[in-house]
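# A look at the structure
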Amino acid sequence: MTYSTFTGWIEPPTDLRPPLDGDTACEVAVIGGGVGGMATALRLADRGIDVILLEAEFCGYGASSRNAGQLTGAPAGDPQILSPLYPRRFPKVVRFAEDAVDFVEKDLLQRFDIACDYEQTGNVGAAFSKGQLRKARRIAKILTKAGAHAKFGDNVELGLPDTFYGGVLEPVGGQLNPGKFCLGLRKAVIESGARVYERTPLQSMDNNGSGAVISTPSGRVRAKNVVVATNAYTNELGIAPKRTETPIWVSMVETAPIDPARITATGWTSRSGIVTEHNLLTSYRITPRNSIAFGVRQLRMGRGSLPARTSDPAVVADLIDGFRAVFPSLQDVPIERTWGGWIAMTPSWLPVAGQTKQENVYYSIACNGHGLAQAPYLGTLIADLIAGNEFHDNLDAVWSKRPWFGPGLFKEPLLRATWAADRLADRVTRPNH
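Residues numbered from 1 in each chain as written. Predicted model: local features only at pLDDT ≥ 70, side-chain atom pairs only at ≥ 80, totals over all residues. Heavy atoms only, no water.

### Some words on the overall build of the protein
Each helix and strand in the protein was counted, giving twelve helices and 20 strands. Relative to the compact-globule value of 22 Å for 433 residues, the protein shows a C-alpha radius of gyration of 21 Å, a close match. Each principal axis of the C-alpha atoms in the protein carries an extent, and together these give about 65 × 45 × 40 Å. By residue count, 59% of the 433 residues in the protein fall in the buried class. Surface summary for the protein: the accessible area is close to 17500 Å², and the carbon and sulfur share equals 52%. (Helix = DSSP H or I, 4+ residues; strand = E, 2+ residues; numbered from the N terminus. Rg over C-alpha atoms; globule rule 2.2 N^0.38 Å. Buried < 20%, exposed > 50% of the residue type's maximum accessible area, 1.4 Å probe, protein only. Areas by Shrake-Rupley, 256 points an atom, 1.4 Å probe, with all protein chains shown as cover.)

### Considering the pairing of strand β7 (residues 166-170)
The element β7 is extensively covered by neighbouring structure, given that five of its five residues are classed as buried. Here five bridges tie strand β5 (residues 123-127) to β7, and the two strands are oriented antiparallel to one another. Directly across from A126, in β7, lies its bridge partner G167. Relative to β7, strand β6 (residues 151-154) runs antiparallel, the two sharing four bridges. From the neighbouring strand, K151 faces β7, where its bridge partner is L169. (Pairing = 2+ DSSP bridges.)

### Topic: unusual backbone geometry
With a phi close to 65°, R243 is a non-glycine residue in the positive phi region. Secondary-structure assignment places R243 in the loop between α7 (234-237) and β13 (246-255). The partly exposed category is assigned to R243, whose relative accessible area is 36%. In this model, N389 sits at a positive phi of 55°, which is unusual for a non-glycine residue. Structurally, the position occupied by N389 is in the loop between α10 (371-388) and α11 (393-396).

### Thoughts on the pattern of salt bridges
Note that side chains of opposite charge can pair when their charged atoms are close. As enumerated under the stated definition, the model contains 22 salt bridges in all. Between D384 and R47 there is a salt bridge, with its nearest N and O atoms 3.0 Å apart. Remark: R47 occurs in the loop between α1 (35-46) and β3 (51-54) and D384 occurs in helix α10; sequence separation between them is 337 residues. A relative accessible area of 35% means that R47 is categorised as partly exposed. One network of salt bridges, in which partners are shared, links R43, R47, D384 and E390. (Salt bridge = Lys/Arg side-chain N within 4 Å of Asp/Glu carboxyl O.)

### Considering the packing of α1 against α10
The contact between α1 and α10 brings their axes to 7 Å, and the two run at 35°. Judged by the twist between their axes, the crossing of α1 over α10 is right-handed. Seen from α1, the contacting residues are V35, G36, A39, T40, R43 and L44; seen from α10, they are G371, A375, P376, G379, T380, A383, D384, I386 and A387. Of the residues assigned to the contact of α1 with α10, the class counts are eight nonpolar, five polar and two charged. (Axes fitted to C-alpha atoms, helices over the stretch in contact; angles between N-to-C directions. Left-handed = near helix turned anticlockwise from the far one by under 90°. Contact = heavy atoms within 4.5 Å. Nonpolar A, V, L, I, M, F, W, Y, C, P; charged D, E, K, R; others polar.)

### With respect to the packing of aromatic side chains
Evaluated as defined, the whole model comprises twelve aromatic pairs. Here W9 and W339 contribute two aromatic rings whose centre-to-centre distance is 4.9 Å and whose plane-to-plane angle is 75°, an arrangement assigned as edge-to-face. Of this pair, W9 sits in the loop between β1 (4-5) and β2 (22-31) while W339 sits in strand β17 (residues 335-345), and the two are 330 residues apart along the sequence. What makes W339 buried here is its relative accessible area of 1%. Considering the side-chain rings of W249 and W342, the 5.3 Å spacing of their centres and the 75° angle between planes classify their relative orientation as edge-to-face. Note that W249 is positioned in strand β13 and W342 in strand β17, a separation of 93 residues in sequence. For the pair formed by W249 and W342, the shared burial category is buried. Taken together, W268, Y284, F294, F323 and F327 form an aromatic cluster joined through their ring pairs. Looking at R89, its charged tip hangs above the ring of Y86, at a distance of 5.7 Å from the centre. (Phe/Tyr/Trp six-rings, centres within 6.5 Å; stacked < 30°, edge-to-face > 60°. Lys NZ or Arg CZ within 6 Å of the ring centre and 35° of its normal.)

### Observations concerning the sheet that holds strand β14 (residues 273-276)
Here we have nine strands laid out as an open sheet, ordered β1-β17-β13-β16-β15-β14-β5-β7-β6, and mixed in their pairing. Across the chains shown, the open sheet's two edge strands, defined by having one partner strand only, are β1 and β6. Set on the sheet, helix α4 (residues 130-145) makes contact with β5, β6 and β7; between it and β7 the angle comes to about 25°. Of the strands in this sheet, β13, β15 (282-286), β16 (292-301) and β17 are in contact with helix α9 (residues 313-326), which crosses β16 at around 135°.

### Focus on the nonpolar core
Counting 48 residues, the largest nonpolar core has F181 and L395 as its most contacted members. Contributions of two or more residues to this core are made by β2, α1, β3, α3 (90-110), α6 (178-192) and α10. When residues in this core are grouped by element, the largest group, ten residues, is from α10. Non-local contacts of F181, meaning those with residues more than four positions away in its chain, are made with V35, V104, L108, L109, I114, C116, L176 and L372. Counting residues in each nonpolar core, the second largest holds 28 residues, with V221, W342, A344 and Y363 among its members. (Core = buried A, V, L, I, M, F, W, Y, C linked by side-chain atoms within 4.5 Å.)

### Let's talk about the environment of W339
Taking the C-alpha atoms as reference, W339 lies 25 Å from A74; in sequence the two are 265 residues apart. Once residues within four sequence positions are removed from consideration, W339 is found in contact with F6, T7, G8, W9, R66, V250, S251, M252, V253, E254 and S311. At 2.9 Å, the side chain of W339 forms a polar contact with the backbone oxygen of R66. (Polar contact = N/O pair within 3.5 Å; in protein donor to acceptor, adjacent residues only side chain to side chain.)

### Comments concerning empty space enclosed by the protein
Evaluated as defined, the whole model comprises three cavities of 30 Å³ or more. Of the volumes computed, that of the largest cavity is approximately 60 Å³. What lines the largest cavity is simply A39, L42, R43, D46, F103, D107, L108, R111, F112 and T380. Among the secondary structure elements, those contributing two or more residues to the lining of the largest cavity are α1 and α3. For the lining of the largest cavity, the element with the highest residue contribution is α1, accounting for four residues. For the lining of the largest cavity, a count of residues per class yields five nonpolar, one polar and four charged. (1 Å grid on protein atoms, 1.4 Å probe; cavity = no way out; pocket = protein on both sides within 12 Å on 5 of 7 lines; lining within 4 Å. Points joined across faces, edges and corners; volume = space filled by probe spheres on them.)

Now the structure itself:
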């Protein structure tokens, strides 16, 4: 099978900011130029704070521009587990997730006129079997009880492909091009007055609690406060508390453009984003050029210093097999390209924010696959805390009151066993529609 290996939804910008050159000082240094770090720096600059943003590659290089493009108002992880595990906290997390989408829509996309092909379609947790349909019904009840705008329905009501039985619609959110979103946010940060240095990786940081010295290959930054917004790269930097996250490689695939009438004929009339109710989900979305982008299904762990890499051809082939099963009438549609990126999974499956023991260092990890909405919002809440000591209720939902984290649940053998269990369930319960 022939397809191209790509780095995400965008190529490197042609107007790369120069790297740091020499020594300088600021009130706040933000490390990491993903959507979370950019939103943090943008808010700080808006509030008159002297802020520097340091990015090892270019702003938006990582998972921020490589993801599925689903702006979702649902919490990451299985609500069936999270709700009983965090009975008091879970409704707050649900509110945080939905408010994060509202923030991105109004305070970023609308305010800065970011053209990123956004469609407010909502997203559906879709059931590929009757067992998954029962799971979707339970999840809808849990989310509704927690205050979410969730709706259970069959495949016709929700406009899903005929191979699904139905699912739970989360109407908050929709689909966008994450690469264009990153470029638009990057432009806003650069124009905000924040000092942005790209191609400036962190080498080390010395911190005495009242100030930090950040060393890079081409200079140093002295900062009163530091925000670490590096997600999957957080542990390798050694600044935030240990075990805050586990790096996971997620793969994506995109088809060639498809005749819109053929997509409609599958039953997918809503254009809502789809996330299957497998233990390891698969996501599907229709792009503006009427290709179908899909990903996840299998996960690969990272350890130590994370390398630049491409997706495993076997993982890509398995993703394509899943696509053919969901869309049997599109068997002849060519696969055009594939890519992937490192995301962060936290031990709790919840967004994480807090301060280190030296309280002038803040950390923000808001991925778990839902960072497109949650990372910018969380970074903004942290910026408000630094700029005006404003501790928002939604920040309280994810704030770690002590900088200690237990071992994560993600282990390579467990991930492979979970994938195998999903494939066995598919063979046993594949619907005959």
